[in-house]
Structure formats: structure tokens, C-alpha cells
Amino acid sequence: MKKKSEVLPGIKNTIAVASGKGGVGKSTVAVNLAVALAKEGANVGLIDADIYGPSIPLMFGLKGKPGVTMAGEKNKLVPMEKYGVKVMSIGFLMEEGTAVVWRGPMASSALKQFMSDVVWGKLDYLLFDMPPGTGDIQLTLSQTIPLTGAIIVTTPQEISLTDARKGYVMFQKVNVPTIGIIENMSYYQTPEGSREYIFGKGGGRKMSEEFKVKLLGEIPINTNIRIGGDEGIPLVIGKPDSDEAVIFTKISKDLIKEINLMNTNTSNVSDVVIEI
Ligand SMILES: Nc1ncnc2c1ncn2[C@@H]1O[C@H](COP(=O)(O)OP(=O)(O)O)[C@@H](O)[C@H]1O
Ligand SMILES: [Mg+2]
């Protein structure tokens, strides 16, 4: 067994952005939070842990292959860098339009290489954009990745909350604390200024009360958030003064506070990763 602190030396905090379901906005949240944290002056990295469905290259507008080191520590991958964030994704290593057809252990080992064989340097925060679900792979990953904590993304409706709860329980089982819950697609703000609660109201808050975990924020459904993802210009870069970008920025500031708070009482957090 290795200590988590040995797996990623130089990296202060590792955060999984997870959910039970796909399509709830994990990648969107991970990207905008990573960029918002960098805008706060932090050194930030982002690993696309969704090996079978990488979204990060598109959402960052990044093409091409990462470089390989020739001197010093040889043959290590150099993460791509954009918007002040260092990024690594399996998508950079594959031909566009092709799919990863690997069994679970191969996906896990690819992810482990993103930690051990990439020159991350010193980072304040390394975020993991997790795949959906709480199956074998997610469980293995959350045991293998040396995590400071998890952020659970959910949409307000019951079908998403049910799976988000499973995500919370999974992290609990592997001794990874949940830092907070982010409710995404919370409402649609009409041009007249009223709110339509398309997927119901208050689901994220309900879950946060149930598990006594902080609700880090409620992000509305907004066309510009979707466009930002598709065009590779995250909202906090493309429209930094929009209401939604302000919400992402606030969440990133609260996240920093929560993590600092957690790190002052880390004695209960396991520093052991299970080798696979
Ligand atoms: N708050 C939002 N408003 C509008 N579109 C969103 C929002 N959050 C996510 N989306 C869009 O929904 C789709 C799924 O989001 P994504 O982040 O890929 O989800 P996941 O990573 O959980 O599968 C993407 O097209 C994304 O742009
Ligand atoms: Mg995703």
C-alpha cells in the first residue's frame, strides 16, 4: 500500500467531481470550477477521469497531443494548458471520433498513469472529472485516486438524487469525505426575470440536509453554459460577468474555504490508497 501523499507529491488537494447519473453537468461544473479556481490565483490541474466518454478536450477547446519530456524525468507526458489550467484527457491520446474499448482494469491503469506519468508540478487543486455511476470502475477509482474529497453534482429531480445519494454512500465507504453538493439545472430564468423550476425545486438542498453536507450552489439552466461547453470557451471565461459565471465564482471561493476548513481537521481522513 502506498500513502496518498506519495502518489501525487506536490499536489495539495485532489477533488473528484462526481454524480450518480450521466448528463447532469459534472464535466461542465468541473471545467468552470477549475477555471474559476485558476482565476482566483490557484495552480489548478484537471484530469478527465471519464475514460470512456472524455468531454474535457471539447469543453476546453483543446486539440492536439500532449508533449513528452526529453530531459530531466524522461518520457513523461506534459499536460496541455489553457485558461490557466493544466489538463490531461485520454481524448488527447486518441484519434478524433474513435472510442476507447477497454476493460475496466485498463481504464483504471490509464487513469493511474495520468497521475504518475504526467508532469503536474506543484498544484493547489487537482480536479477529477469523474465518469457517471457507482459501479466497479468508480469504486476502484475512488480507492485508487488519492482524494481530499468529492463534490457531488445532481439535478433537482428524484431520479438524479437517488443516484447522487448512491454516489455519496460510495465515497463514504471508501473514506472519502464529500465536500459539498452542487445542484445543477436548478431553474430556468425567463427573460422577464421569473424562475421556472423545470426539474423540481430544492432537491439538492434536501440532499444536503439529509447528509449534513454543504450545498455549495445552485446553477440554473442557461443556454450560454451549454454554448460555452460546445465551443470550448467556459462561461467563466467567455461571459465572466453573467449571473451564472458569478455563481461559479462564488462556488469556487466557498470550495476553497471548505477545503481549508477540512485540512485543518484532516486527522480523520485516511492517507492510504489501495493498489490495484
Ligand atoms: N446549467 C446548464 N445549463 C445548460 N446546459 C447545461 C448545464 N449544465 C450542463 N449543460 C449541458 O448538458 C450537457 C451534459 O453536461 P455534461 O457536463 O457533459 O454532463 P456529465 O458530465 O454529467 O455527463 C452538455 O451539453 C452541457 O453543455
Ligand atoms: Mg462528463
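About the thresholds
- Residues numbered from 1 in each chain as written.
- Chains lettered and ligands numbered in written order.
- Predicted model: local features only at pLDDT ≥ 70, side-chain atom pairs only at ≥ 80, totals over all residues.
- Helix = DSSP H or I, 4+ residues; strand = E, 2+ residues; numbered from the N terminus.
- Rg over C-alpha atoms; globule rule 2.2 N^0.38 Å.
- Buried ≥ 20, exposed ≤ 12 C-beta atoms within 10 Å, placed from the backbone.
- Contact = placed C-beta atoms within 7 Å.
- Expected span 1.5 Å × (residues − 1).
- Arc of directions from axis to C-beta.
- Pairing = 2+ DSSP bridges.
- Near = placed C-beta within 6 Å.
- Nonpolar A, V, L, I, M, F, W, Y, C, P; charged D, E, K, R; others polar.
- Core = buried A, V, L, I, M, F, W, Y, C linked by C-beta atoms within 7 Å.

### Considering the overall build of the protein
At step 1: When helices and strands are counted, the protein shows 10 helices and 11 strands.
At step 2: Taken against the 2.2 N^0.38 rule, which gives 19 Å for 276 residues, the C-alpha radius of gyration of the protein at 18 Å falls within 12% of a compact globule.
At step 3: Counting all 276 residues of the protein, 45% fall into the buried class.
At step 4: Within the protein, counting contacts between residues at least 6 apart in sequence, those at least 24 apart form 79% of the total.

### Remarks on helix α6 (residues 158-173)
At step 1: Under the 1.5 Å per step criterion, the end-to-end length of α6 is 22 Å for 16 residues, consistent within 8% with the ideal 22 Å.
At step 2: Turning to α6, its buried residues number three or more, namely Ser160, Leu161, Asp163, Ala164, Gly167, Tyr168 and Phe171. Relative to the axis of α6, the buried residues are bounded by an arc of 165° and lie together on one face. Seen from the open side of α6, the exposed residues pointing more than 90 degrees away from its buried face are Glu158, Ile159 and Lys173.

### As for the pairing of strand β6 (residues 123-129)
At step 1: The element β6 is extensively covered by neighbouring structure, given that six of its seven residues are classed as buried.
At step 2: Bridging between strand β3 (residues 44-48) and β6 involves five bridges; their strand directions are parallel. Looking at β6, one finds that Ile47 is bridged to Phe128.

### A closer look at helix α4 (residues 104-116)
At step 1: When the terminal C-alpha atoms of α4 are compared, their 18 Å separation across 13 residues agrees well with the 18 Å that a helix rising 1.5 Å per residue should span.
At step 2: Taken as a whole, α4 has its buried residues at Ala107, Ser108, Leu111 and Phe114. Down the axis of α4, the buried set is contained in an arc of 110°. They therefore lie on one face. Facing away from the buried surface of α4 by more than 90 degrees, the exposed residues are Pro105, Met106 and Ser116.

### Focus: the pairing of strand β7 (residues 149-154)
At step 1: For β7, the buried fraction is high: six of the six residues fall into the buried class.
At step 2: Side chains Gly149, Ile151 and Val153 of β7 all project onto a buried face; the interleaved residues Ala150, Ile152 and Thr154 project onto the opposite face, where all are buried too.
At step 3: Here strand β2 (residues 11-18) runs beside β7; their pairing, made up of four bridges, is parallel. The residue bridging Ala16 from the neighbouring strand is Ala150, located in β7.
At step 4: Where β7 lies against strand β8 (residues 178-189), five bridges are found, and the strand directions are parallel. By the bridge assignment for β8, Ile152 is matched with Ile181.

### Structural notes on the site of ligand 1
At step 1: As a matter of local geometry, ligand 1 sits amid 18 residues, with Gly25, Lys26, Ser27, Thr28 and Gly229 nearest to it.
At step 2: Contributions of two or more residues to the shell around ligand 1 are made by α2 (26-39), β8, β10 (215-221) and α8 (223-231).
At step 3: The residue makeup of the shell around ligand 1, split by class, is six nonpolar, 10 polar and two charged.

### Things to note about the nonpolar core
At step 1: Counting residues in each nonpolar core, the largest one holds 68 residues, and the members touching the most others are Val17, Leu33, Ala34 and Leu127.
At step 2: Broken down by element, the residue count for this core peaks at nine residues, all from α2.
At step 3: If we ignore the near neighbours within four places in the chain, the residues touching Val17 are Lys26, Val29, Ala30, Leu127, Phe128, Asp129, Met130, Ile151 and Val153.

### Details of unusual backbone geometry
Comment: phi is negative for the bulk of residues other than glycine, and the bulk of peptide bonds are trans.
At step 1: A positive phi is found at Asn75, a non-glycine position, where the angle reads about 60°.
At step 2: Along the chain, Asn75 turns up in the loop between α3 (56-60) and β4 (80-82).
At step 3: Its 8 C-beta neighbours within 10 Å are what place Asn75 among the exposed residues.
At step 4: You will see that Met185, though not glycine, has its phi angle at about 60°, which is positive.
At step 5: When you line up the elements, Met185 lands in strand β8.

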